Amino acid sequence: MDLRFTDDELAFREEVRGFVKSNLPASIKQKIVEGRHPGKDDIVAWTRILNKKGWSVPHWPKEWGGTGWSPVQLLIFNDELQQGGAPEPLAFGTSMVGPVIYTFGSDAQKRRFLPRIANIDDWWCQGFSEPGAGSDLAGLKTTAKQEGGEWVINGQKTWTTLAQYADWIFVLARTDGTVKKQEGISFILVDMKSPGVTVRPIQTLDGGHEVNEVFFDNVRVPLENLVGEENKGWNYAKFLLGNERNGIARVGISKARLKRIRELASLHVYGERPKIEDPLFRMKLAAVEVELKALEMTQLRVIAGERNREKGKPDPASSVLKIKGSEIQQATSELLMDVVGPYALPYQSEREDGDRWNEPPVGPDWASTIAPTYFNLRKVSIYGGSNEIQRGIIAKAILGL
Amino acid sequence: MNFDLTEEQQLLKDSVTRLLADRYSFENRKTFQASPDGWSRDLWRQYAEIGLLGVAFSEADGGFGGGPVETMLISEAFGKALALEPYLATIVLAGGLIRRGGDAEQRAALIPSIASGELLLAFAHAERQSGHDLFDVGASAKKDGASFVLNGEKGLVLHGDCADKLIVSARSAGARRDKAGIGLFLVDAKADGVSRRGYPTQDGMRAAEVTLTNVRVEPKDVLAANGDALPLIERIVDEAIAASSAEAVGAMSEALDMTVDYLKTRKQFGVPIGSFQALQHRASDMVVALEQARSMMMLATMMSAEENAAERRKAISAAKVQIGRSARFIGQQSIQLHGGIGMTMEYKLGHLFKRLTMIDILFGDADYHLERLSKSDGLIG
Ligand SMILES: Cc1cc2nc3c(=O)[nH]c(=O)nc-3n(C[C@H](O)[C@H](O)[C@H](O)COP(=O)(O)OP(=O)(O)OC[C@H]3O[C@@H](n4cnc5c(N)ncnc54)[C@H](O)[C@@H]3O)c2cc1C
């Protein structure tokens, strides 16, 4: 047992850290550090900077732009980017549809889509959830029927993150209604510009626009946009969700937020002393740090165990990472609420591009994002398989209950 | 021991509940919130008509002689409906200061028009640096002949943007964090030297930042001239904590009701999600949290009239801690048990969660009151 990184890994960390430091545009970094939402342009710009370096899809196979890094290197890379204030990559492309395409897609699909994902020439969104099919995803009702040499898609998706920017959506649709529900689903790629696709915004409780409803009304899609085999879509979806493991714990993001909490808590904003000198607050902060340290170690153990596992098979340990990671993210947002105090109260909306209005802020200039972040992060224990569903997986897959 | 309401109190509860059920659907609330005031003047008039605005004042002053229990009943109903009107600001805070701190002439001049709904007030007390410390007052009141001249900045003035008059705390003596030397002054919101910046708050209510530049106050508008207003401020803030505890209990019970309804109707895997034992137990824990909160709301209500300030403040802090904790648990879990739909602006639940979050921040959050309580001689004994 040795908890230290090797010299090579340490050197690699320095390299990544240095790259982020000298290449991440300051304006983007500032938004992330302040808890504002990066705009589409920010994500595109940063992805292209990474792609130029050959780092936009490091976990992919080498022939499609991957780096061949070890799992530990990938972990270090993600951690450094998250801690360095970089926007998260658009996971729908790089971690979801990309791996599905290079694992199950046709050669034509690989050549057509993978380079464009790596350079974010296409913006992808995920069309899985429906009003009636959330945790019970296999209960989905959207249909795809073959008609005149095309797929014709009808139905509705919901909670579709950032569909307002999307060029493409990957859809789970029912192609056989006569069999067990998991066995009649297919995985289809749909151009968002197709006639019959309508996107309607859903405002989240923090006032932001990150999710949408997407309607399909007789949308015609070429047959070749089916990924893999017809009616095998559920397997690909399970593969995709299992793949999210990389970075699911968001350790780097929580580390960055704790660092910011310490900084802000050191300012003397109100009351008798800076918040950091308040013993009760310090104990709460330390308690979250303990949880995060434990999670970081757990994540390293999972990654180390990866070497011995069958490739591509979901690991129930990722449920441990998801549950704890989401709880810690939420806990950090509560600590920020403690730091800001009463000036969490004013509501000051953000512009679409993430810049503030010209008016000076009400209260400290860093205060306005704190309550919205707390509200918004309630989502992390709901999406990507809710924490209740994750507990069910642990009970079944780890404990055999 | 008696937790029963009197016949009049039951009538009051029924009438406010009925009015809000008729007029305060969540859809209507959205309309009120989008209007220029951010709340409904029409409903404010109706509150006056059925006596809600006057009930807490004595009959001699032009009210109906009610007390904390009446305020609790009204606040709980407002919490359930997420009412946006300036009840806490005008009636509980500023109205309370006048009720307990005004002289006979001031009470006679103001209370009838408060009770009739014509006069809106706000309490301009907190400042950028004061946090939860009620004694932290930097604004100054300089004597000039018989009058005073006020200077300073006030922040987070609840419903300060629509108020006709402000009750401003300012210091005539002492350093910023001294307990002595604070006075209360009645200022016309449109007076020379008063500027206001109104804004919405996270929970959809309204507040304002207020700047005072050489604002003249005549002797008749001085509420506590001797510079010893802190005990009065503490007392009224304790009453406001009791009232907002009731508002929180109303919001919590609504969140729980909505969640239980949803557990019964939302189906996944072919069954109502309420059939999953994990969710049943969570909902049961929410019931426990709500009952504990409701009990402490009652304690706060009864103790808000206690003359012994030390005993009163202990009970109020204890209630604030329990309410804050229950509200956090119920708010978070009600969203969790709803899944995605709980995260949306279109649905009432998220707004209950936001209001509950902001009530915890108002007048000192749970940690602040826990610390205060830990420095007392103990709650039990
Ligand atoms: C901000 C946000 C972004 C999202 N982005 C996307 C996206 O881009 N694409 C996409 O396809 N989807 C997306 N989702 C959808 C997300 O995956 C679903 O919200 C999630 O699967 C839960 O489904 P639901 O909302 O229908 O809740 P439900 O499944 O109805 O769950 C309601 C409650 O019941 C519980 N529950 C359900 N089943 C069980 C059970 N068997 N045992 C115990 N408890 C159970 C849940 O944990 C939850 O507490 C997003 C959601 C959010 C909030």
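Every value quoted in this text rests on a predicted model; they were computed, and no experiment measured them.

## A word on the environment of M296(B)
Residue and element names in this part refer to chain B. Turning to its location among the elements, M296 is positioned in helix α8 (residues 277–303). Along the chain, M296 and G364 lie 68 residues apart, while their C-alpha atoms are 16 Å from each other. Filtering out sequence-adjacent residues up to four positions away, M296 remains in contact with A318, A319 and Q322.

## Let's talk about the site of the ligand
Taken together, the neighbourhood of the ligand is formed by 28 residues, with S135(A), T161(A), S386(A), R266(B) and Q336(B) sitting nearest. Taken together, the residues near the ligand originate from chains A and B. One of the backbone N or O atoms of W159(A) is found 2.8 Å from a nitrogen atom in the ligand. Separating an oxygen atom of the ligand from a backbone N or O atom of Q336(B) is a distance of 2.7 Å. Alone, the ligand offers 980 Å² of accessible surface; in the complex the protein occludes 92% of this.

## Examining unusual backbone geometry
Residues and elements named next belong to chain B. Of note in the backbone geometry, L156 takes a positive phi value of approximately 50 degrees without being a glycine. Looking at the secondary structure, you find L156 in strand β3 (residues 147–158). Although it is not a glycine, N214 sits at a positive phi angle of roughly 50 degrees. Assignment of secondary structure puts N214 in strand β7 (residues 206–217).

## As for the domain arrangement of chain A
Domain annotation of chain A identifies domain 1 (7–89), domain 2 (124–235) and domain 3 (249–347 + 357–398). Computed from C-alpha coordinates alone, the two centres of domain 1 of chain A and domain 2 of chain A are separated by 30 Å.

## A word on the interface of chain B and chain A
Tallying the contact residues gives 44 residues for chain B and 52 residues for chain A. Between chain B and chain A lies a buried interface of about 4100 Å² when both sides are counted; carbon and sulfur atoms form 57% of it. Area buried by chain B at its contact with chain A is led by Q202(B), Q336(B) and M343(B), which between them contribute 17% of it. Counting the contacts that link chain B with chain A gives five salt bridges. One salt bridge in this structure joins R200(A) and E346(B), with 3.7 Å as the shortest N-O distance. Summed over the shared surface of chain B and chain A, the result is 22 residue pairs in polar contact (both at pLDDT 80 or more). Elements represented by at least two residues in the side of chain B that touches chain A include exactly β3, β6 (194–200), α8, α9 (309–338), α10 (348–361) and α11 (366–374) of chain B. Per-element tally for the side of chain B that touches chain A: the top contributor is α10(B), with six residues.

Rules and cut-offs
- Residues numbered from 1 in each chain as written.
- Chains lettered and ligands numbered in written order.
- Predicted model: local features only at pLDDT ≥ 70, side-chain atom pairs only at ≥ 80, totals over all residues.
- Heavy atoms only, no water.
- Helix = DSSP H or I, 4+ residues; strand = E, 2+ residues; numbered from the N terminus.
- Contact = heavy atoms within 4.5 Å.
- Near = heavy atom within 4 Å.
- Polar contact = N/O pair within 3.5 Å; in protein donor to acceptor, adjacent residues only side chain to side chain.
- Areas by Shrake-Rupley, 256 points an atom, 1.4 Å probe, with all protein chains shown as cover.
- Domains from an automatic or database assignment.
- Buried area = accessible area lost by both parts, 1.4 Å probe.
- Salt bridge = Lys/Arg side-chain N within 4 Å of Asp/Glu carboxyl O.

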